[in-house]
Amino acid sequence: MSDLPDRPDFTAGLRILARLCRPALRPMLVSTGLAIVSTALELVPFVAFFLAIRDLLDGSADGGRFLVLALVVAVASTVRFVTWSWALKISHLAAFDVMADLRLEIARTLAQLPLGWFSRRRSGKVQRALTDDVQRLEVLLAHAIPELASALVFWVAAAIWLLAVDWVLALAALGLAPVAFFVQWLGMHDSSVHVRRITAAADDLHGRAAEVLRHPPVVRLFDRFGTITGPIEAAIDEAVAADEAWSRRYAGTGTGFRVLITADFVIALPVGVWLLARGSTDAPSLVLVLLLGAGILQPLERAYRLGFRLSWISYAGATVDAMLQETALPEPREPQPPQIGPVEFDRVTFAHEPPTPTVSDVSFRAEVGEVTALVGPSGAGKSTLARLLSRFWDVDDGSIRIGGVDVRDLHSSDLFAQLALVFQDPFLFSDTVAGNLRVGRADATDEELTAACRAARIHDTIAALPNGYDTHIGAGGIDLSGGERQRLTIARAMLRNAPIVVLDEATAMADPDSEAAIQEAISELVAGRTLIVIAHRLRTVASADRIVVVDDGRVVEIGRHGDLVDAGGTYATMWNDMRIAESLHLGDGGHVGEGRRVDERTGGGS
Amino acid sequence: MIAAVGRLWRLCAPERARLVRGYVLGGLASLLRLVPALTAAVLVARLDDGLTGADAALAAGICGLSLVLRYTLARVANGDLWVLAYHISGRIRHEILDHTRRASPTTWTGRGSGEALTVLAFDGGKIAGFLSWEMPTLVNGIVLPVATVIAIAWFEPALAVPAVATVVIALPVLRFGLRRVEQVYDDRRRLQGDASERMLEYVRGIDVIRAHELAGARQARFREALNGIRDADVASVERLTPAYSAFQALVDAGYAAVLAGVGLLVAGGSSGSGDLIAGLILTTTLFRPQLDMGARALHLPELAASLSRIEAWLATPTIDEPDEPARPPSGSGVDVGLHRVVAGYEPGVPVLHGFDLAAPARSVTAIVGPSGAGKSTVLRAIAGLIPIESGSITVDGVPIDAMLRADSAALVTAVMQEVGVLQGSIGEAIAAGDPSVDGNAVERAARAARIHDRIVALPDGYQTELGEDGSGLSGGERQRIAIARAIAKPAPIVLLDEATSALDPTSERLLREALANLTTERTVIVVAHRLETIRHADRIVFVDDGRIVESGSHEELLATGGAYAGFWATRQRAAGWTLQQEPSTSTAG
């Protein structure tokens, strides 16, 4: 959460709400109005007590009149809480609606972002924004606005009344509230340092604990000296230290606010008695100011907790706001009609983190009906090239064309319609098998589903599931193995029937048992299409029509397998390494000594 | 519901004395709220007698002093309590972590890891919030009204009756309301759990949604999920409001009750109007703490839920250490034996059914077989990651159950499928098994694991900080770090669960070299997915359905023409396969 602003942006939450809560404006006004009525009724007992005391003081007390007053107070209490719960119910319902709208708005924003946006960020952050951060805004709408607005409006109104009765005395009774709020401001205005530290510590604890808990073997075998779980201990201690630092910081002002906002009588009583002794006021005015002064502090007391939460809320608001401000994938002003034709990379340069280019000056063609393979060490930029074609990001220089049309000149729906992407560790929805397959094509018939699944070598597996194609998979359903998931994705890509197919390490996660099946599935997918395939296992792509060898972001060789092996360049080295790797056996350690090292860096990359 | 507070109290046993001190100080501070009210009551009751400047000075003195004293006490109480509350939640989190370490790893694999995480990260923090915010309010809600009622009774005993009656009537309503909250809270959690899952699926699958232009259709589902969340929210508000409002209105009706009481006393000819006035003034501070308490009590069900999870987690069984632990074998070569081992991930569902294996010192034993045969389970049993239901596992004849857990763990080093390189510096990651090794040893391990050159090419070398799950390195590099870690740990037994993911050829070659270096001079038990790796193993064990089907050397097994030979033939066919342009259906089947 290092990208949080330095100071709590108290307006962020309000800004978002101003944009989204137009439909909620009426209910919020009604809610605040009801809350004001309710807050005003809160004063009825104090007024009644004033009247009673006045009567008792001047000796005109009448038991019957008191009973009538008591009845009025009882009715006021009932009405007060009926209106109050009504007000909060309205504000809650409005808040729920606004939260749903806000989440939908985030969903719509996400649907327009370039795909690359998601790979740079952990989906955890988006998920947190969608759940926790939006949830935090609920407090603002459901509680903060009606409660604080009514408290303030009512306080001002009552203050005017008191000032009219006796302005000196009124000042004595009213003066505390501004002081209390000033103290609260002192406590909160630089809270961002603490909020950030606390949030970061909580995130770190969560992240480290989640990571360690995913790896029982590492804990069992390598934690003897606390090297694995030690960092969780440290994260717990930091979380405690962060909270303690904030507690120490806030204990003074927080307590001050709380004490001042409940300090009924403390100023008004001595001042009132002094004025009375001087003859500058009368007894009824004193009693009135004393009682009302106490009564109108009551609603403000609710600000104690809300004020404390507002800085958290404002951070949540800033995060959500930032997400809604993300730049959508730019659509062309005049989209070109899509053309069937070769995929051309023309002097493509792109940097994930400028100025270091991830790929530079890459040119190659992938012809229709041919298999074009991208090979090279990991980190060489192969996946980046595949993703540039689907506009995960846009190129910094050069262009990528499909049938002569720059991908940036295609409407994104036309572009995506031409592409079928199969990446490693594919995502499946929590849905039936058939539902997941129809992601590829919504109107596919059952026969088409079966045909695609047969071709993808997954039909038999599906048929063996408890409910066949209607079996629920994913969260809460049946877990498929990595290889099975990949074949299902390939079936999905087949249904999509797109002219260009991009396979990025589509067999990388599979165990050898499913690997053969996946590769058969891919063969079915190739027919009559432009296939761009990234594969580590060179045998897989040895028969490709064109092998593009990428190293360190540049194309170093292009050719067919035999030519490249003969050329003795990067590809030949990789081919050789593969053969050595195949010949190495466990227990051979003595033979693989320091003398026979190869440069590890060529196998690395970042 | 009050039971939740009691359960929390038990969890706080070590800090109880300091907590009590904090709540007592806080309680005293809130009692001081009564002092200005009392002063006002006394003075207003005497208004008829005429007040003097001396009265004003006295009032100023008392009120000022009480305010200063109240602030001081509250400041000390809050400063102590808030810090203490976070300290307690830290201690409980340490306890949870400690318990997790001593629990069987099967407790926190799969679903259990999510529970452990919730307890550690979420529930542990809930406690602090409750101790520092809700508890003081509950204390105030009891202390201040009781003191106020006593003060009222001191002026006019009869007036205490309506004041007390209000509380007596309102409290059961609150209790009823809270029971309802508990239900509502549970229902809402249940309803929202599913809906939230469906909502988050949209984010997790956003790349698929984008690439397939599914935004419209998926947003409809997303909206359904949102409606589900909203309905649960609305239902909870609607079910909660009546009881809670009734409680509030009943407490607030106390003003009317006291006023009616004064009316009856006046009608009955009571003469002490000063006492009545005092009673009325004091009543103004009577109900606010109670309303506040009611509002905070709404959080009790959340606390109860968190406490239940913490208690349940701390009650999961831990692994017993032997009473008289056997000494672990020493020396660099050890024999490993499995004797009729029955083991699995859940009690009563064995994966290994009486598994026998003898791996002599410094030999390489390979376990092969179809997926789901129980190959990895053998390694997990030897590593002590799953409990053994019957049979035994011995190292040089000593059963591992007879040793201390730490001693048996020290005998084994491993590279598992989930690489498990965690965040932290690379140097620390390699030295994890034995942090006492020096830089030279770390470097030797890294060289043997073929990762040293790559590390020193990084700007910060061995000090380079890795992100979550070792991010910052490629998959092949992470695997080699894991191998370096396994090499650096001086343990005589090596367990190796070969990763199935493919690497680029050069990385693959470096990885193979690294593995070859890891497996010299130790007792190696390897689960191999690529049969070429283990062709030269001393013994190959073919496993199916948790039992050994056949064993022998590669050549022996091929000559037998059994399960292994068939397996080998299938693999050879798959390895010779390449992408073809024209699909050939002849290979289907």
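The following refers to the structure shown. (Residues numbered from 1 in each chain as written. Chains lettered and ligands numbered in written order. Predicted model: local features only at pLDDT ≥ 70, side-chain atom pairs only at ≥ 80, totals over all residues. Heavy atoms only, no water.)

## A look at a nonpolar patch on the surface
All names here are of chain A. There is a patch of nonpolar side chains on the surface, built from Leu163, Trp167, Val168 and Leu171 and spanning about 390 Å² of accessible area. Broken down by element, the nonpolar patch gets its largest block of residues, three residues, from helix H7 (residues 167-174). Following the sequence through the fold, Trp167 ends up in helix H7. (Patch = residues over 30% accessible without salt bridge, like charges linked within 9 Å, V, L, I, M, F, W, Y side chains within 5 Å. Areas by Shrake-Rupley, 256 points an atom, 1.4 Å probe, with all protein chains shown as cover. Salt bridge = Lys/Arg side-chain N within 4 Å of Asp/Glu carboxyl O. Helix = DSSP H or I, 4+ residues; strand = E, 2+ residues; numbered from the N terminus.)

## Description of the environment of B:Arg18
Positionally, B:Arg18 belongs in helix H2 (residues 16-31). Put simply, B:Arg18 and B:Asp80 are 62 residues apart on the chain and 8.2 Å apart in space, counted from C-alpha to C-alpha.

## Structural notes on the side chain of B:Asn517
Residue position: B:Asn517 is located in helix H18 (residues 505-518). Within the structure, B:Asn517 has its side chain in polar contact with the backbone oxygen of B:Ala448 (distance 3.0 Å). (Polar contact = N/O pair within 3.5 Å; in protein donor to acceptor, adjacent residues only side chain to side chain.)

## Structural notes on the interface of chain A and chain B
Interface size is commonly expressed as the accessible surface area that is lost when the partners come together. With 186 residues of chain A at the interface, the matching set in chain B holds 190 residues. Roughly 16,400 Å² of surface becomes buried between chain A and chain B when both sides are summed, with 66% attributable to carbon and sulfur atoms. In this structure, the connection of chain A to chain B is made through ten salt bridges. Across the pair B:Arg218 and A:Asp431 runs a salt bridge whose closest N-O atoms are separated by 3.9 Å. There are 24 residue pairs in polar contact (both at pLDDT 80 or more) connecting chain A and chain B. Here the residues of the side of chain A that touches chain B are counted per class, giving 98 nonpolar, 42 polar and 46 charged. (Contact = heavy atoms within 4.5 Å. Buried area = accessible area lost by both parts, 1.4 Å probe. Nonpolar A, V, L, I, M, F, W, Y, C, P; charged D, E, K, R; others polar.)

## Brief notes about helix H24 (residues 570-583) of chain A
Taking 1.5 Å of rise per residue, the 14 residues of H24(A) would be expected to cover 20 Å, and the 20 Å separating its terminal C-alpha atoms lies within 8% of that figure. Listed in full, the buried residues belonging to H24(A) are A:Tyr571, A:Ala572, A:Met574, A:Trp575, A:Asp577, A:Met578, A:Ile580 and A:Ala581. Buried residues in H24(A) make contact with strand S3 (371-375), helix H22 (538-541), strand S11 (546-551), strand S12 (554-559) and helix H23 (561-567) of chain A together with H18 of chain B. (Expected span 1.5 Å × (residues − 1). Buried < 20%, exposed > 50% of the residue type's maximum accessible area, 1.4 Å probe, protein only.)

## Some words on the packing of helix H8 (residues 215-267) of chain B against helix H9 (residues 273-283) of chain B
Residues and elements named next belong to chain B. The N-to-C vectors of H8 and H9 enclose an angle of 175°; their axes lie 10 Å apart at closest approach. By the criterion of interaxial angle, the relationship of H8 to H9 is roughly antiparallel. Residues Tyr255, Val258, Leu259, Val262, Leu265 and Val266 of H8 lie in contact with H9, whose contacting residues are Leu276, Leu280 and Thr283. (Axes fitted to C-alpha atoms, helices over the stretch in contact; angles between N-to-C directions. Parallel < 35°, antiparallel > 145°, perpendicular 65-115°, else oblique.)

## Focus on the sheet that holds strand S9 (residues 500-504) of chain A
Residues and elements named next belong to chain A. Across the sheet, six strands lie side by side as S6-S9-S10-S3-S11-S12; this open sheet has mixed pairing. Two strands lie at the open edges of the sheet, namely strand S6 (419-423) and S12, each paired on one side alone. Within the sheet, the average angular offset between the axes of one strand and its neighbour, ignoring direction, is 15°. Examined bridge by bridge, S6 and S9 share five bridges and lie parallel to one another. Across the sheet, the residue bridging to Ala420 is Val501, located in S9. Strand contacts of H24: S3, S11 and S12, with the helix running at about 90° to S11, the strand carrying the most contacts. (Pairing = 2+ DSSP bridges.)

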